[in-house]
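Each chain, letter by letter, is given below.
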Amino acid sequence: MVSKTSKSKEKKQQRKEMFAKLGAAQQLLSKANTPDLDHMATLVPFKRYSRNGVDIRIECYHYEQIDKDTFENIFKILEHNMKAEYDACYWGWNERDKRAEMKDKNPWYLVARNAENEMVAFAHFKFDFDEEIPVLYCYEVQVTEDMRGKGLGKFLMQILELIGSKAEMQKIMITVFKHNPRAVHFFFDILKYQDDETSPKFMDPMDEKEYCYEILSKALKVKKSSGA
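This write-up is about the structure you can find in this document.

## Some words on helix 4 (residues 152-166)
Quick reminder: α-helices carry 3.6 residues per turn. Residues three or four places apart thus point the same way.
Line of reasoning, step 1. A rise of 1.5 Å per residue sets the reference length of helix 4, with its 15 residues, at 21 Å; its end C-alpha atoms lie 21 Å apart and thus fit the reference within 8%.
Line of reasoning, step 2. For helix 4, the tally of buried residues reaches 11 of 15 residues, placing the bulk of the element in the interior.
Line of reasoning, step 3. Turning to helix 4, its buried residues number three or more, namely Leu152, Gly153, Phe155, Leu156, Met157, Ile159, Leu160, Glu161, Ile163, Gly164 and Ser165.

This is the structure:
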């Protein structure tokens, strides 16, 4: 028979291990969210996309490094691509709330520009906790209509996976609208994402049809840094 003392020691050890794990995860997030950190310093080959008849330059910015014109161009692409998708969901499109979300809690951006310095795509992401583990959460990956079908969106997601892996995030996550078949096909069939354990189909299976979105994820191969 296990004594109360033994049970108490076991619980204390479990709490100690949990706090140690959370502390380590928080350190990873703090480091990843350093505004002047260059997440693409070791990804030089990915700073350029020259395929399918296009030549694109890709840069990574913390929100604090983005000027007003760049942010407005990001938002213009987002609104053009996604306003109707949001309006088709019970969330609806709220410009003020969306602008606030895109500036809140250490947001990061990949920005893709063509040879004329015109923005043709972007990705909006954050390093955050999900169910007590460190993750890279991709909030948006958007490509202008004239650049679709050229592999640029897939390339941006590959960069995010590499950034997440390098930052020692355990998985990459994204939310997709069920009524957006192009996005569902892109993430499930092309990028091989799966329903995350936090998706409504698992968290609320009885009322899954009431939700207009799914949460998808992919495990990352963590590349532990050798430096400080």
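## Side note on the nonpolar core
Line of reasoning, step 1. Membership of the largest hydrophobic core comes to 40 residues, with the highest contact counts inside it found for Ile58, Leu110, Phe127, Met157, Ile163 and Phe187.
Line of reasoning, step 2. Element by element, the count of residues in this core is highest for helix 4, at seven residues.
Line of reasoning, step 3. Dropping the residues within four chain positions of it, Leu110 is found in contact with Met40, Glu59, Cys60, Ala121, Phe122, Ala123, Phe125, Leu156, Ile159, Leu160 and Ile163.
Line of reasoning, step 4. Grouped together as the second largest cluster of nonpolar side chains are 23 residues, Ile66, Val111, Met173 and Phe177 included.

## Examining the sheet that holds strand 7 (residues 194-195)
Line of reasoning, step 1. One open sheet holds the eight strands; their spatial order is 1-2-3-4-5-6-8-7, and the pairing between them is mixed. Of all strands in the sheet, those with a lone pairing partner are strand 1 (48-51) and strand 7, marking the two edges.
Line of reasoning, step 2. Across 10 bridges, the pairing between strand 4 (residues 119-130) and strand 5 (residues 133-143) is antiparallel. Bridge assignment links Phe127 to a residue of strand 5, and that residue is Leu136.
Line of reasoning, step 3. Here helix 2 (residues 68-87) sits on the sheet and contacts strand 3 (108-113), strand 4, strand 5 and strand 6 (171-177); the angle it forms with strand 4, its principal contact strand, is near 80°.
Line of reasoning, step 4. Against the sheet, helix 4 touches strand 1, strand 2 (54-62), strand 3, strand 4, strand 5, strand 6 and strand 8 (213-219), its axis set at about 160° to strand 5.

Thresholds applied
Residues numbered from 1 in each chain as written. Predicted model: local features only at pLDDT ≥ 70, side-chain atom pairs only at ≥ 80, totals over all residues. Heavy atoms only, no water. Helix = DSSP H or I, 4+ residues; strand = E, 2+ residues; numbered from the N terminus. Expected span 1.5 Å × (residues − 1). Buried < 20%, exposed > 50% of the residue type's maximum accessible area, 1.4 Å probe, protein only. Core = buried A, V, L, I, M, F, W, Y, C linked by side-chain atoms within 4.5 Å. Contact = heavy atoms within 4.5 Å. Pairing = 2+ DSSP bridges. Axes fitted to C-alpha atoms, helices over the stretch in contact; angles between N-to-C directions.

What is shown is where atoms sit, not what they do.
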